[in-house]
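Fold and contact review
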Amino acid sequence: MAEMIYTHIEPKKKYSGFYHNQNTWDKTDEYKKLAADIKANGFKFPILGYCTDGVWSETKCGHQRIAIALDLKINNIPAILYSIHRKTGFKGTPITGIDAIVKICGESIKSEPVYQSVVGAIKNIRARNNYPPDPLKN
C-alpha cells in the first residue's frame, strides 16, 4: 500500500545528488547563503524523498539542504517521504493530502519548490492506487 509521511531523518551522503555529483557542482553563492540561513535559523521546509521498505531511492527535492546538513554536521532534518506502491519503511506522521503539508509547514510552503513536488507525488500515489477523485484538481 502506498504511503506518504512527515518525519525527521538523519542525512546521508547517498541521499544527496550534490555529494554524488560533487565534482561537477560548485558551492555557489546561493548554496553558501542557504547554508548560513540554515545555520542561523534551522530548516524551514522539509526535503522530499522517495523510498520503499526502508531503502532510499531518490531525493526529489532538497539535495542542497541534505549536503548543507552534512557540511554543518546536522543529524536530524525534516523530511516528507513517500512510496507509490508500498510502505516507506520509515516511521512518521501519515500525510493524506496537501492540507496536511500546509498544516505542518505553514502557508509559506506554497511558494517553495518542495510544495509542487509534494503535490505531484500525492497525485501520482492517488492515480496509481485508484484512490478517490483527486481533491487537488482545480
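Below: a short report on this structure. Note that the structure is predicted; figures quoted are calculated from it, not measured.

Here the distance between the centres and the angle between the planes together describe a pair of aromatic rings. In the structure shown here, the tally under the stated rule is 2 aromatic pairs. Measuring from centroid to centroid gives 3.9 Å for Y15 and W56, while their planes differ by 20 degrees, and the two rings are stacked. Note that Y15 is positioned in the loop between β1 (3–9) and α1 (17–20) and W56 in strand β3 (residues 55–61), a separation of 41 residues in sequence. This pair shows no difference in class: Y15 is buried, exactly as W56 is.

Right, let's get into helix α5 (residues 113–128). The terminal C-alpha atoms of α5, which comprises 16 residues, lie 23 Å apart, in line with the 22 Å expected from a rise of 1.5 Å per residue. Within the sequence span of α5, burial applies to V114, Y115, V118, V119, A121, I122, I125 and R126. Looking straight down α5, one finds that the buried residues subtend no more than 165 degrees of arc, so they occupy a single side. Those residues of α5 that are exposed and aimed more than 90 degrees away from the buried face are P113, Q116 and A127. Contact partners of the buried residues in α5: β1, β2 (47–52), β3, α3 (63–71), β4 (77–83) and α4 (98–105).

Moving on, we get to the packing of helix α2 (residues 29–41) against α3. Their axes nearest at 10 Å, the elements α2 and α3 cross at an angle of 60 degrees. Considering their axes alone, α2 and α3 lie oblique with respect to each other. As for the relative orientation of α2 and α3, their crossing is right-handed in sense. On α3, the residues that touch E30, Y31, L34, A35 and I38 of α2 are Q64, R65, A67, I68 and D71. Looking at the contact of α2 with α3, its residues break down into 6 nonpolar, 1 polar and 3 charged.

About the thresholds
- Residues numbered from 1 in each chain as written.
- Predicted model: local features only at pLDDT ≥ 70, side-chain atom pairs only at ≥ 80, totals over all residues.
- Heavy atoms only, no water.
- Phe/Tyr/Trp six-rings, centres within 6.5 Å; stacked < 30°, edge-to-face > 60°.
- Helix = DSSP H or I, 4+ residues; strand = E, 2+ residues; numbered from the N terminus.
- Buried < 20%, exposed > 50% of the residue type's maximum accessible area, 1.4 Å probe, protein only.
- Expected span 1.5 Å × (residues − 1).
- Arc of directions from axis to C-beta.
- Contact = heavy atoms within 4.5 Å.
- Axes fitted to C-alpha atoms, helices over the stretch in contact; angles between N-to-C directions.
- Parallel < 35°, antiparallel > 145°, perpendicular 65-115°, else oblique.
- Left-handed = near helix turned anticlockwise from the far one by under 90°.
- Nonpolar A, V, L, I, M, F, W, Y, C, P; charged D, E, K, R; others polar.

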